[in-house]
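Descriptive analysis of the structure
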Amino acid sequence: MPQTRSVDESFLALPLSALTDAALTRAVDLGCEHADIRVERIRTQTISLRDARPEAVTDGEDLGLAVRVVHEGTWGFAAGVVLTAAEAVRLAEEAVVVAKVSAAINTDRVELAPEPVYADATYVSDYEIDPFDVPDADKTGLLAEFSERLLAADGVEHARASCMHVKEQKYYADTTGTRTRQQRVRIHPDLTALTVDRATGSFESMRTLAPPAGRGWEYLTGTGWDWDPELSELPELLREKTKAPSVEAGRYDLVIDPSNLWLTIHESIGHATELDRALGYEAAYAGTSFATPDQLGTLQYGSPLLQITGDRTATHGLSTVGWDDEGVAGQEWDIVKDGVLVGYQVDRNMARLRGLPRSNGCAFADSPGHVPVQRMANVSLRPAPDGPSTDEIIGGVERGIYVVGDKSWSIDMQRYNFQFTGQRFYRIEDGKLAGQLRDVAYQATTTDFWGSMSVVGGPQTYVLGGAFNCGKAQPGQAAPVSHGCPTARFDQVSILNTVQEAGR
Amino acid sequence: MSRMTAQELVEACLAASTADAQITYVTEHAEANLRWAANSLTTNGAMRSRSVVVISFVDGGAGMAAGSVSRTGTPDVAELVAASERAARDAGPAEDAVPLVAEAPPGAGDWSADPAETSIEVFAEFAPALGQAFGEARDRGELLFGFAEHSMSTTYLGSSTGLRLRTDQPTGRVELNGKSPDFSRSVWSGTSTRDFRNVSVAALAADVEKKMGWSQRRIDLPAGRYETLLPPSAVSDLMIYLYWTMEARDADEGRNVFARAGGGNRIGDRLAELPLTLRSDPAYAGLEAAPFQVVPASSGSASVFDNGLAAPAIDWISDGVLTNLVRPRSWALTQTAPATVAVDNLILEDRSAAVDPAEMVVATERGLLLTTLWYIREVDPQTLLLTGLTRDGVFLVENGEVTGAVNNFRFNESPVDLLGRAVQASRTERTLPREWNDWFTRTAMPMLRVPDFNMSSVSPAS
């Protein structure tokens, strides 16, 4: 199909060149060695239904501009919402004031690693139907129909449905001459069925596995996800879960489905290989990393089967872009090769600090009002080229648990100790699934866990999972990111019983 | 082109309405921040924004529907109002429809006055003091990390029922994290503030220095249940999660920890053995919060139809007994129970408490003294079991004195159960939550003593 998508005319009609000239000229006049301007318009709609009835439809648009400068080796940043040349000049001046106030506490001179100039460049993400072109009534109607299907099943007492979709338009210009225009669309549909046992006061829920994706409304109508089987299976899977036995705590071989494993990759590899964390920039908030730069090339992160890449290029990836918020083009690179740490996610200042020739394009902000920081690329586990299917992996396990879907997640500030739950856990006995289990959590230390990976599934098991809400930085910023992975097997992982953990 | 004021924008949106009713609010927001790592600045910023939210209410014959549309800056009024009305017509009848509020709540501010402001200058004294603290830390061979932020939000809310309400919300926070150069020792101090006038960098730095001293001796302890002193900050993060879960509708529908087996909710149940009161009060000194509701989108715990509703002081737990859950007017009508409003502050207190946190430490024979909690996530909604990590200081107390720093732990605990098992509370003091301070800063909490806190596993992190 020929590429027909383009950046919306209404965004290109904003006075982008006039704002650029005003801000960058003023910044240069004030002695800045670098200045950039970002103009962003982010449209967000969230539709939520409770028991198939509309709970809320919110439609927001965040339009603003930001000027960032390097003045005498110190960052300065200012943001506003008035798109006039006078305001762009004021922001350039304010950014310089911020740099001057901050100079009192700056000892690291900011310098940016070089990047080619992209004088007039455009990127539009890969989607078919702009969700904002679909009438609200149609969107709400489809979610109501999905909800009704769940509610019609025996035992489902409540259903929740939500869909969040975002269209992000971004213009970037800097003093080297780069000028980029981008438009990205993403969508996150979510349905949950809930059952309540009034007599005992117990309740249980189960959520769809459809991951958020860099796609348009077509994702709800059959492209990229098959909703019909999932919606028809969910009530019976939920019923089975409520009747399932509570797990016996202990060590088990785990077969982890991509619908769960993506989040473990996100937390224990994605964040741990952000160089700003390893250098301590996030030490007081998101945390640091056990994977310190002195161990680059030597740290045994996991078993030799572990191949991890970072990319900002995967089709439908949530972190996929043309250029980042420092004008660096999207790339793909190795983070873990044959089990050994070989790379980080960096921005331009950190690339220069580390002596790298170039940034790998991981600086971005979540909105026009926030400063770009080093954020996450799509960080993915490569499938084994001729690897087994999920059934074949399960077939090789004598006594274990098959883990499906993500739910609760928590990991420490150095990315060692984690605990995850899931949507469904199946007992594996002699290579076969033997019914669901309840009250399961798995707990491990990152390098032990990845070191225990003994089988990696083939490309036929690969799924691109992800999230809209990866949190980092102060002030807090939320970023969308994808993680692709195959099914994989992990030997002798610690399983907790969450009812026992609660002291019951 | 002169820019419309926030009040003019509210009036223009209301005047452009062709719907049955409309609520519009404009929030003018200004903020400034500094962030530092390893005794040096990392990022900073000064931001201004204006958001305009128009909620239109349209009765298509089957019941009132609502549509909420928000834009930043100074949007085209006709387009914005039309988008909101179209959203309402498309939405279908709202389950939470009730007549809009027409009576002005007490405590609203001066409608005609300009919005409150802040700028980077709020740090004019703070930044040099911080620079001095960096120098002192460097001299001790230690590193400081952290963040300081000040914001001012002024909201003007108008309705077609005649409300013209204004509220100002200053919010400020400082976090100071001290580390040894190899990051193996790590401690924290923090505070919330309305204006930075009460913030003493020297006092925060002294607290960090004291705890770095406590960390000189390292003690490894295994997982297990320990007598634990939860300081006010740690208590606040657990109580905020509890507060966010206090939705009456979820409880009445049997789907949260406050549901009663057999039906209904647990209001009237004793949750704490100590006479603990969990409450919110928009007038609490130093933690002042909006005295009326501002709701952009309906949920189980808030309704767009309740915009402008008075948010008075309320007890959620009174002397250990569950007293109220969060209940919008529409749900209150279906349950013949009172409507209640969540306020943006939270106070836990034992009014009979006679000791300070330091005195509780002195009275401890052997126990763990925590600093903060981190990465708190829900494991089991049935019991409200939460997991998370201890962070930046687990200290061993022996015979009333801190004798060293212990490794971190992953915990699995329910805040509801902890209230039931706490055996002592200190006097309440203002504190900064660690985990949730991006969203919630206005808290006052006691230290709690829990005889058997569940440290589920060891975390090697520091």
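So, the overall build of chain B
Each helix and strand counted, chain B has nine helices and 20 strands in total. Since a compact globule built from 462 residues should have a radius of gyration of about 23 Å, the 24 Å found for chain B is in line with a globular shape. For chain B, buried positions account for 60% of its 462 residues. Long-range pairs, those at least 24 residues apart, make up 73% of the contacts in chain B with a sequence separation of at least 6.

A short note on the domain arrangement of chain B
Residues and elements named next belong to chain B. We note that the domain assignment places domain 1 (6-212) and domain 2 (217-462) within chain B. The distance between the C-alpha centroids of domain 1 and domain 2 comes to 23 Å. Listed by partner, the interface residues are 38 residues for domain 1 and 34 residues for domain 2. Secondary structure elements with two or more residues in the side of domain 1 that touches domain 2: strand S1 (21-37), strand S2 (40-59), strand S3 (64-72), strand S4 (143-159), strand S5 (164-179) and strand S6 (186-193). Looking at the side of domain 1 that touches domain 2 residue by residue, the class counts come to 19 nonpolar, 14 polar and five charged.

Examining the domain arrangement of chain A
All names here are of chain A. Partitioning chain A into domains gives domain 1 (9-242) and domain 2 (250-501). With centres defined by C-alpha atoms, the gap from domain 1 to domain 2 works out at 22 Å. Elements with a contribution of two residues or more to the side of domain 1 that touches domain 2: strand S1 (34-50), strand S2 (53-71), strand S3 (74-80), strand S4 (121-124), strand S5 (158-174), strand S6 (179-197), strand S7 (202-207) and helix H5 (227-242). When its residues are assigned to classes, the side of domain 1 that touches domain 2 shows 21 nonpolar, seven polar and 14 charged.

Section: the environment of Phe 411 of chain B
All names here are of chain B. With respect to the helices and strands, the residue Phe 411 is situated in strand S16 (residues 408-413). On the basis of neighbour counts, which here come to 25 C-beta atoms within 10 Å, the residue Phe 411 falls in the buried class. The spacing of Phe 411 and Ala 223 is 188 residues in sequence and 9.1 Å in space, taken between C-alpha atoms. Leaving out residues up to four positions away in the same chain, Phe 411 has contacts with Thr 387, Gly 388, Thr 390, Phe 453, Asn 454, Met 455 and Ser 456.

Focus on the interface of chain A and chain B
Residue-level contacts link 75 residues of chain A with 86 residues of chain B. Grouping the amino acids of the side of chain A that touches chain B by side-chain chemistry returns 34 nonpolar, 29 polar and twelve charged. Taken together, the four bridges between S2 of chain A and S3 of chain B define a ladder with parallel strand orientation. Within S3 of chain B, the residue paired with Gly 60 of chain A across the bridge is Ser 70 of chain B.

Regarding the sheet that holds strand S10 (residues 332-337) of chain A
All names here are of chain A. The four strands lie next to each other as S11-S10-S9-S14, forming an open sheet whose pairing is antiparallel. Only two strands of the sheet have a single neighbouring strand rather than two, namely strand S11 (340-341) and strand S14 (378-381). The pairing of strand S9 (residues 308-311) with S10 spans four bridges and is classified as antiparallel. Counted as the bridge partner of Asp 311 is Glu 332 from S10.

Notes on the nonpolar core
One finds Ala 23, Val 67, Val 69, Ala 92, Ala 95 and Ile 401 of chain A together with Met 239 of chain B to be the most contacted residues of the largest nonpolar core, which totals 287 residues. For this core, the element with the highest residue contribution is S2 of chain B, accounting for nine residues. Ignoring anything within four residues of it in the chain, the contact list for Val 67 of chain A reads Ala 23, Ala 27, Ala 35, Ile 37, Ala 78, Ala 88, Leu 91, Ala 92 and Ala 95 of chain A.

Re the packing of helix H4 (residues 136-151) of chain A against helix H2 (residues 77-91) of chain B
Between two packed helices, what matters for the description is the angle formed by their axes and the separation of those axes. As a packed pair, H4 of chain A and H2 of chain B sit with axes 8 Å apart at the nearest point and diverge in direction by 35°. Where H4 of chain A crosses over H2 of chain B, the handedness of that crossing is right-handed. Here Asp 136, Ala 137 and Thr 140 of chain A of H4 of chain A lie close against H2 of chain B, whose contacting residues are Ala 87, Asp 90 and Ala 91 of chain B. Class assignment of the residues belonging to the contact of H4 of chain A with H2 of chain B gives a composition of three nonpolar, one polar and two charged.

With respect to unusual backbone geometry
Backbone torsion omega between Gln 474 of chain A and Pro 475 of chain A reads -5°, so that peptide bond is classified as cis. Its place among the elements puts Pro 475 of chain A in the loop between strand S20 (463-472) and strand S21 (477-485). Located in the positive-phi region is Asp 51 of chain A, a residue other than glycine, with phi close to 50°. Residue class for Asp 51 of chain A comes out partly exposed when judged on the 19 C-beta atoms lying within 10 Å of it. With a phi close to 65°, Asn 39 of chain B is a non-glycine residue in the positive phi region. Structurally, the position occupied by Asn 39 of chain B is in the loop between S1 and S2.

Looking at the sheet that holds strand S9 (residues 276-280) of chain B
The strand order S11-S10-S9-S12-S19-S18 (chain B) describes an open sheet built from six strands, whose pairing is mixed. In the strand order of this sheet, the two ends are held by strand S11 (321-322) and strand S18 (429-431) of chain B, each with one partner.

Some thoughts on the packing of helix H2 (residues 16-29) of chain A against helix H3 (residues 85-102) of chain A
Residues and elements named next belong to chain A. At their nearest, the axes of H2 and H3 sit 8 Å apart, and the two run at 30° to each other. Taken together, H2 and H3 sit at an angle that is classed as roughly parallel. In this structure, H2 crosses over H3, and the sense of that crossing is right-handed. Taking contact as the criterion, the partners of Ala 18, Leu 19, Ala 22, Ala 23, Arg 26 and Ala 27 in H2 are, on H3, Ala 85, Ala 88, Val 89, Leu 91, Ala 92 and Glu 93.

A word on the environment of Leu 296 of chain A
Residues and elements named next belong to chain A. With respect to the helices, strands and loops of the structure, Leu 296 is situated in the loop between helix H7 (275-279) and S9. Leu 296 sits in the partly exposed class, given 17 other C-beta atoms within 10 Å. For the pair formed by Leu 296 and Leu 341, sequence separation is 45 residues and the distance between their alpha carbons is 5.6 Å. Apart from the residues lying within four places of it in its own chain, the contact partners of Leu 296 are Leu 341 and Val 342.

Thresholds applied
Residues numbered from 1 in each chain as written. Chains lettered and ligands numbered in written order. Predicted model: local features only at pLDDT ≥ 70, side-chain atom pairs only at ≥ 80, totals over all residues. Helix = DSSP H or I, 4+ residues; strand = E, 2+ residues; numbered from the N terminus. Rg over C-alpha atoms; globule rule 2.2 N^0.38 Å. Buried ≥ 20, exposed ≤ 12 C-beta atoms within 10 Å, placed from the backbone. Contact = placed C-beta atoms within 7 Å. Domains from an automatic or database assignment. Nonpolar A, V, L, I, M, F, W, Y, C, P; charged D, E, K, R; others polar. Pairing = 2+ DSSP bridges. Core = buried A, V, L, I, M, F, W, Y, C linked by C-beta atoms within 7 Å. Axes fitted to C-alpha atoms, helices over the stretch in contact; angles between N-to-C directions. Left-handed = near helix turned anticlockwise from the far one by under 90°. Parallel < 35°, antiparallel > 145°, perpendicular 65-115°, else oblique.

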